[in-house]
Amino acid sequence: MRLLEERIRKDGVVKEGQVLKVDSFINHQMDIHLFNEMGKEFKRLFADKNINKILTIEASGIGLACIIAQHFDVPVVFAKKAKSINLDGEMYCTKIESFTHKRVYDVIVSKKFLSEDDHVLIIDDFLANGCAVAGLVDLVRSAGATVEGVGIAVEKGFQQGGQLLRDKGLQVESLAIVESMNHETGEIVFREQ
Ligand code: 5GP
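These figures come from a predicted structure and were not determined experimentally.

A. Here's a closer look at the site of the ligand. The ligand sits among 17 residues. The nearest are Leu20, Asn129, Gly130, Ala132 and Lys156. The separation between an oxygen atom of the ligand and a polar main-chain atom of cysteine 131 is 3.1 Å. When the free accessible area of the ligand is taken as 500 Å², the share hidden by the protein chains comes to 90%. Elements with a contribution of two residues or more to the shell around the ligand: strand 2 (19-21), strand 7 (119-127) and helix 4 (131-142). Among the elements that take part in the shell around the ligand, strand 7 stands out by supplying four residues, more than any other.

B. Expanded view of the packing of helix 1 (residues 2-11) against helix 2 (residues 32-45). Axis separation between helix 1 and helix 2 bottoms out at 10 Å; the angle between their running directions is 145°. Counted together, Leu3, Leu4 and Arg7 of helix 1 and Leu34, Glu37 and Met38 of helix 2 form the full contact between these two elements. The residue makeup of the contact of helix 1 with helix 2, split by class, is four nonpolar, no polar and two charged.

C. Representation of the pattern of salt bridges in the model. Within this structure, the stated rule accounts for 11 salt bridges. The shortest N-O distance in the salt bridge between arginine 7 and aspartate 31 comes to 2.6 Å. Within this pair, whereas arginine 7 is found in helix 1, its partner aspartate 31 is found in the loop between strand 2 and helix 2, the two being separated by 24 residues in sequence. Assessed through its relative accessible area of 18%, aspartate 31 is described here as buried. Two residues, arginine 166 and glutamate 155, come together in a salt bridge whose shortest N-O distance is 2.8 Å. Residue arginine 166 is found in helix 5 (residues 161-167), and its partner glutamate 155 is found in strand 8 (residues 146-156); the two are separated by 11 residues along the sequence. The partly exposed category is assigned to arginine 166, whose relative accessible area is 30%. One salt-bridge network, in which partners are shared between bridges, spans Arg7, Lys10, Asp11 and Asp31.

Here is what the cut-offs are and how they apply
Residues numbered from 1 in each chain as written. Predicted model: local features only at pLDDT ≥ 70, side-chain atom pairs only at ≥ 80, totals over all residues. Heavy atoms only, no water. Near = heavy atom within 4 Å. Polar contact = N/O pair within 3.5 Å; in protein donor to acceptor, adjacent residues only side chain to side chain. Areas by Shrake-Rupley, 256 points an atom, 1.4 Å probe, with all protein chains shown as cover. Helix = DSSP H or I, 4+ residues; strand = E, 2+ residues; numbered from the N terminus. Axes fitted to C-alpha atoms, helices over the stretch in contact; angles between N-to-C directions. Contact = heavy atoms within 4.5 Å. Nonpolar A, V, L, I, M, F, W, Y, C, P; charged D, E, K, R; others polar. Salt bridge = Lys/Arg side-chain N within 4 Å of Asp/Glu carboxyl O. Buried < 20%, exposed > 50% of the residue type's maximum accessible area, 1.4 Å probe, protein only.

Next up, the structure:
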């Protein structure tokens, strides 16, 4: 998606450790017009899928998922990072290792909000090693629901997540795929798609 690539080139900041900062328009301050265009694009890319729910993970996926959901006219559920887990059977649980914080979180979704009737689009801001999305897929499948696809704003194509998920047969659509980036020069190269 050209508009997103241009914005990343203009306002994205390449940090050490292969981290791309996009906090002026996605992760902290949010450009809702850009999110709206992203919603239109995901609606086009998943036009043949019968999606009735969007699942994301707190915190930075939530704003994006809500604007995207307006194009699908479906509710958004966000998985919560739990501090202490109450394993009383009311929650689906999984573990996700955070790329940015280098720690493992227990992540939960209430059984009230995911069921075998659900056809789910997973949305997240970044795809790096794929742990976050793999955990969300796990939650959906624990509920007996169907993953219809995965929509990502920015995929770091030089990390393994995208390949791993596509090899499992998932339809993963990333609106910008960073092929390489250099924190010394600030150069960002996108994959042609
Ligand atoms: P993964 O689980 O695929 O390794 O990492 C995805 C998660 O880590 C995303 O939810 C995102 O919040 C965070 N993340 C991974 N790489 C980056 C990055 O380069 N920049 C930012 N801002 N977040 C990232």
